[in-house]
Amino acid sequence: MHYLVLFILLFQWSLPALIHSQDSHTAKLLDGAKKEGTLVWYTSTSVEDITRIFAAFSKRYPFIKTEYFNAGSARLYNRILNESRVGKIFFDLVAVRGVETQQLINGGFLQPYLSPESAAYPAGFKDTKGYWVDFFDAYNILAYNTKLVSREQAPKSWEVLLDPRWKGKISMDEEMYSWYAAMAVAWGRERAQRYMKALAKQDIQLRSGQSLIAQLLAAGEFPMGVALAHRIEKMKEQGAPVEWVTTFDPITASLHPIAVAAKAQHPHAAKLFIDFLLSKEGQQLVLAIGRTPSRPGIDTKMQAKNLKLFPIPPELGEQYNKYQKEFREIFRP
């Protein structure tokens, strides 16, 4: 009891200082952002999602004009490289895949920023040096058509996919390079390679893109496929005959980091936006637009599934070509 009282007193004493620290941090950013008046975001996020996120941000900070350039992660990376070659840096913020994020760090295009909100995020979902924080995830899961596979029949682990009964009945994106790399790290190279070679003998139906796989799965073109959890959840809500397995170990999580440009023209506005997006309010918005927020305690429905998540380390991007080559040799000989 005595320690409990002491803890409460210490907490009460430290709370005002913590609040003051956060308030002074935000006040400084606000002052700078008002002078800058603009924010430019390069992102692979969809236009629809960008519009909704910016609308909420602008409602809170109407004095900041928001602009964006939307494209695939690889294209955005190349755009930044090309702009730098002519001595121009136009973006303040960037949100691309982890692989490209790591390449941007290596190229000196990003600066560390330790948002007060980042403390709420677990290890693996933020950079140890403060260069990025993951603002939403995409879980690579096994989905199945409920008209073709019952809940009881559905495989409960990656290993069960090797059962002869599933030969020719599994679909996968033809460019699952990051998933392959993450499994090699999670399981160890020897075990992962042995598994992948056995899986390839199951006559995997390769398709271009996990969105297409989800659509074809719902249409009954094949019984099972590696898809994205949030997409399958949305399709379920719309009445599609699809479900997914929650017991696989691991379930790799594709990260979507957000970071500040090293030479941002509007750094205060950029940091203010990151604080907003990583906050509870911002993450609830991410959930509302149908994504999987990475901040714990927001998507309680997903967290209640107790998934064995393995965040795909952006550092794997440094060996991306090697993993890409191995995947193609195994699945597309």
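Note that this is a predicted model, so its numbers are computed, not measured. (Residues numbered from 1 in each chain as written. Predicted model: local features only at pLDDT ≥ 70, side-chain atom pairs only at ≥ 80, totals over all residues. Heavy atoms only, no water.)

**What to know about the overall build of the protein**
The helix and strand inventory of the protein stands at 12 helices and 12 strands. A compact globule built from 333 residues would reach a C-alpha radius of gyration of about 20 Å, and the protein, at 22 Å, matches this within 12%. Considering the protein as a whole, with its 333 residues, one finds that 50% of them fall into the buried category. In the protein, of all internal contacts separated by at least 6 residues, the share reaching a separation of at least 24 is 77%. Of the roughly 16100 Å² of accessible surface on the protein, 53% is carried by carbon and sulfur atoms. Counting 41 positive and 33 negative side-chain charges, the protein places the averaged centre of each group 1 Å from the other. (Helix = DSSP H or I, 4+ residues; strand = E, 2+ residues; numbered from the N terminus. Rg over C-alpha atoms; globule rule 2.2 N^0.38 Å. Buried < 20%, exposed > 50% of the residue type's maximum accessible area, 1.4 Å probe, protein only. Contact = heavy atoms within 4.5 Å. Areas by Shrake-Rupley, 256 points an atom, 1.4 Å probe, with all protein chains shown as cover. Lys, Arg positive; Asp, Glu negative; His and termini not counted. Charge placed at Lys NZ, Arg CZ, Asp CG, Glu CD.)

**A closer look at the nonpolar core**
In terms of nonpolar packing, the biggest core is built from 53 residues, with Ile141, Trp158, Leu161, Trp179, Ile232 and Trp244 touching the most fellow members. Here the element with the most residues in this core is helix H5 (residues 177–187); it accounts for 8 residues. Every residue in contact with isoleucine 232, bar those within four places of it in the chain, is listed here: Ile141, Ala143, Ala214, Leu217, Ala227, Val242, Glu243 and Trp244. If you look at the next biggest cluster of nonpolar residues, it comprises 52 residues, including Tyr77, Ile105, Ile258 and Val286. (Core = buried A, V, L, I, M, F, W, Y, C linked by side-chain atoms within 4.5 Å.)

**Quick look at helix H12 (residues 320–331)**
In this model, H12 (12 residues) spans 16 Å end to end at C-alpha, consistent with the 16 Å of a helix rising 1.5 Å per residue. Lining the buried residues of H12 we find helix H4 (98–106), strand S6 (170–173), H5, helix H6 (189–200) and strand S7 (205–207). (Expected span 1.5 Å × (residues − 1).)

**Quick look at the pairing of strand S5 (residues 133–145)**
In terms of burial, S5 is largely enclosed, as 13 of its 13 residues are buried. As defined by bridge partners, S5 adjoins strand S10 (residues 251–261) across 5 bridges and the pair is classed as antiparallel. Looking at the pairing, alanine 138 lines up with serine 254 of S10. Pairing of S5 with strand S11 (residues 292–293), which is carried by 2 bridges, proceeds in the antiparallel orientation. Bridge pairing links aspartate 137 to threonine 292 in S11. Alignment of S5 against strand S8 (residues 224–228), held across 5 bridges, turns out to be antiparallel. Looking at S8, one finds that leucine 142 is bridged to valine 226. By the bridge criterion, 3 bridges tie S5 to strand S9 (residues 242–244) in an arrangement that is antiparallel. Looking at the pairing, asparagine 145 lines up with valine 242 of S9. (Pairing = 2+ DSSP bridges.)

**Overview of the packing of aromatic side chains**
On inspection of all chains with the given rule, the structure shows 19 aromatic pairs. Pairwise contacts between aromatic rings join Trp41, Phe54, Phe57, Tyr61, Phe63, Phe135, Phe136, Phe273 and Phe276 into one cluster. The positively charged end of arginine 191 is found above the aromatic ring belonging to tryptophan 187, 4.0 Å away from the centroid. Between lysine 322 and the ring centre of tyrosine 323, over which it is positioned, the NZ or CZ distance is 4.7 Å. (Phe/Tyr/Trp six-rings, centres within 6.5 Å; stacked < 30°, edge-to-face > 60°. Lys NZ or Arg CZ within 6 Å of the ring centre and 35° of its normal.)

**Examining unusual backbone geometry**
Omega for the peptide link from aspartate 249 to proline 250 comes to 5 degrees, which places this bond in the cis form. Structurally, the position occupied by proline 250 is in the loop between S9 and S10. With phi around 55 degrees, aspartate 203 is a residue other than glycine that occupies positive phi space. Backbone geometry places asparagine 306, a non-glycine residue, at a positive phi of 50 degrees. Note that asparagine 306 resides in the loop between helix H11 (300–303) and strand S12 (309–311).

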